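# Examining the three-dimensional arrangement
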Amino acid sequence: MKTPDFPANEKERLKTLRSIDILDTDPEERFDRLTRMAKRVFGVSIALVSMVDENRQWFKSRAGLDASETGRDISFCGHAILGSDVFVIEDERFADNPLVTGPPNIRFYAGVPLRYLNGSKLGTLCIIDQQPRSLDEDDLDMLRDLAEMAESELSAVHVATIDDLTKISNRRGFVSLAQNSISLCARQQTPVSMVFLDLDKFKPINDQFGHAEGDRALVAFASLMRKSFRDSDVFARIGGDEFAVLLTNTQEKLAREIVIRFRSLVDVYNVHADRGYDIEFSDDIVSINPDQDSTVEDLLREADVLMYEKKLDEMPKSGLAKEA
């Protein structure tokens, strides 16, 4: 049996797939509509929107199939994402594949790779049948059109969870990603810390230098977060000048050291940027018991209170009361 190779950009592809937080999510009508349409238009027994994960293919939408995932090593979609156009199997090349010799007894497969905004092929829209068949050029064009619609829906997932200005996760994206990470840490019994970052003296930047410069400061701060935090960390702009980071497998002491290193990076940026102002921030850290019932939204609300109280305590010393 021929197992699928890995794309050259596999590491980036998997990072992109996980960044949109679509794996293991509930069915959605916008994707189910496409698989129903494909199944009906082509008269096949099965139609899928499949995401190719590290060791599995997981079905975001499935029409005519009960299974929610299969191994990547036996998947046809794993082969399809290696190409740039429709991948069709209508011969004996995969006769010994378990999906051919056993349920769902595939005798025909056609899948179109689904490209994301950065070009990564995350999965496929595919049609499957238990009877041999072939597709003419009109059929291929129709399948491509349906795949383009699925790609548009994947892009919409991205738009809904990404901050327009800084291009990192927004509050909605952070809540979803962070909740999943906390659940994973709970299963693995590993520590989690959440860091809250609130820009100081941000209003004077807008007032003195203009809102375009304020936006520039926010973008710079987000860029520094990308450079400082790990790929496994979840970070986001959760409000106007408020940011958050979820540090997985990290106890509070280590989280404090990570924040100190980040602060040093910001200090270096300030020296070299020389914009006439410094980017400054307050921080707070909450250690999370993965088994606790609190949601990420609960933690964000708790952080809002803690940061407000902290700033009130600092106002007489820093003069923030005059700037509020």
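Everything discussed here concerns the structure shown above.
The rules behind the values
- Sequence order sets the numbering: in each chain, residues are counted from 1 along the sequence as written.
- Per-residue local features are limited, in this predicted model, to residues with pLDDT of at least 70; the limit for side-chain atom pairs, both in listing and counting, is 80 or more; totals at the level of whole chains, interfaces and linings are taken over all residues.
- Excluded from the side-chain calculation are hydrogens and water; included are all heavy atoms of the structure.
- Here a strand is any run of E in DSSP of at least two residues, a helix any run of H or I of at least four, and the numbering for each starts at the N terminus.
- This count recognises Lys and Arg as positive and Asp and Glu as negative, with His and chain-terminal groups excluded.
- In this description, the location of a charge corresponds to atom NZ of lysine, CZ of arginine, CG of aspartate or CD of glutamate.
- At least two DSSP bridges between two strands are needed for those strands to be called paired.
- Axis lines are fitted through C-alpha atoms, for helices just across the contact stretch, and the angle between N-to-C directions can take any value from 0 to 180 degrees.
- Contacts between residues were defined by any pair of non-hydrogen atoms, one from each residue, lying within 4.5 Å.
- For Phe, Tyr and Trp, rings pair up if their centres lie within 6.5 Å, where Trp contributes its six-membered ring, and each pair is then called stacked (planes under 30 degrees apart), edge-to-face (over 60) or tilted (otherwise).
- Any residue under 20% of the maximum accessible area for its type is buried, any over 50% is exposed, and the rest in between are partly exposed; the area is computed with a 1.4 Å probe on protein chains only.
- Two conditions define a charge sitting above a ring: the NZ of Lys or the CZ of Arg must be within 6 Å of the ring centre, and it must be within 35 degrees of the ring normal.
- For this text, the term disulfide refers to a pair of cysteine sulfurs within 2.5 Å.
- The term nonpolar core refers to a set of buried residues drawn from Ala, Val, Leu, Ile, Met, Phe, Trp, Tyr and Cys, joined through side-chain atoms within 4.5 Å.
- One less than the number of residues in a helix, times 1.5 Å, gives the span that helix is expected to have.
- The scheme is simple: roughly parallel for angles under 35 degrees, roughly antiparallel for over 145, roughly perpendicular for 65 to 115, oblique for anything else.
- What makes a salt bridge here is a side-chain nitrogen of Lys or Arg within 4 Å of a carboxyl oxygen of Asp or Glu, nothing more.

For the rest of this paragraph, the subject is the overall build of the protein chain. Each helix and strand in the protein chain was counted, giving eleven helices and ten strands. Projected onto its principal axes, the C-alpha positions of the protein chain cover 80 × 40 × 35 Å. Between the mean site of the 41 positive side-chain charges and the mean site of the 58 negative ones, the protein chain shows a separation of 2 Å.

The strand order across the open sheet built from six strands is β3-β2-β1-β6-β5-β4, with neighbouring strands paired in antiparallel fashion. Unpaired on one side and paired on the other, β3 (69-71) and β4 (87-89) mark the two borders of the sheet. For this sheet, the mean angle separating the axes of adjacent strands, direction not counted, is 25°. Of the strand pairs in this sheet, strand β1 (residues 46-52) and strand β2 (residues 56-63) are connected by six bridges, and their pairing is antiparallel. Each residue of the ladder has a partner; that of Met-51, found in β2, is Trp-58. The strands touched by helix α5 (residues 137-161) are β1, β4, β5 (108-115) and β6 (121-129); relative to β5, the strand with the most contacts, the crossing angle is about 40°.

Right, let's talk about the packing of aromatic side chains for a bit. Evaluation of the coordinates by the stated rule reveals ten aromatic pairs. With 6.2 Å between their ring centres and 35° between their planes, Phe-229 and Phe-235 make a pair best called tilted. Classification of Phe-235 by relative accessible area gives buried; the value is 15%. Put simply, the rings of Phe-221, Phe-229, Phe-235, Phe-243, Phe-262 and Phe-281 pair up and form one aromatic cluster. Here Arg-263 stacks its cationic end above the ring of Phe-281, 4.0 Å away from the centre of that ring.

Along the chain, the position of Ser-152 falls in helix α5. Remark: the alpha-carbon pair of Ser-152 and Leu-114, spanning 38 residues in sequence, is separated by 9.6 Å.

Under the definition given, this model contains zero disulfides. Cysteine Cys-77 remains unbridged, with the sulfur of Cys-126 as its closest cysteine sulfur at 3.9 Å. Owing to a relative accessible area of 2%, Cys-77 belongs among the buried residues under this scheme.

Formed by 30 residues in total, the largest nonpolar core has its most connected members in Met-51, Leu-125, Ile-127 and Leu-143. Residues in contact with Ile-127, not counting those within four places in the same chain, are Ala-38, Phe-42, Val-44, Ile-46, Ala-47, Phe-108, Tyr-109, Ala-110, Leu-135 and Leu-143. Membership of the second largest hydrophobic core comes to 27 residues, among which are Phe-243, Val-245, Tyr-277 and Ile-279.

Across its 18 residues, helix α8 (residues 211-228) extends 26 Å between first and last C-alpha, which sits within 8% of the 26 Å expected from 1.5 Å per residue. On the buried face of α8, the contacting elements are β7 (192-200), α7 (202-209), β8 (234-237), β9 (242-248), α9 (252-273) and β10 (280-288).

Moving on to the packing of α7 against α8. Two elements in contact, α7 and α8, have axes separated by 6 Å at closest approach and are oriented at 140°. With respect to α8, the element α7 is oriented oblique. Between α7 and α8, the contacting residues are Phe-202, Ile-205, Asn-206 and Phe-209 on the first element and His-211, Glu-213, Gly-214, Ala-217 and Leu-218 on the second.

Turning to the pattern of salt bridges, a few remarks are in order. For the coordinates displayed, the defined rule picks out 23 salt bridges. In this structure, the salt-bridge partner of Arg-36 is Glu-29, at a minimum N-O distance of 2.4 Å. A residue is classified by how much of its surface remains accessible, and Arg-36, at 39% relative accessible area, is partly exposed. A salt bridge links Glu-280 to Lys-201; the nearest nitrogen and oxygen atoms lie 3.7 Å apart.

Function cannot be inferred from these measures alone, as they are strictly geometric.
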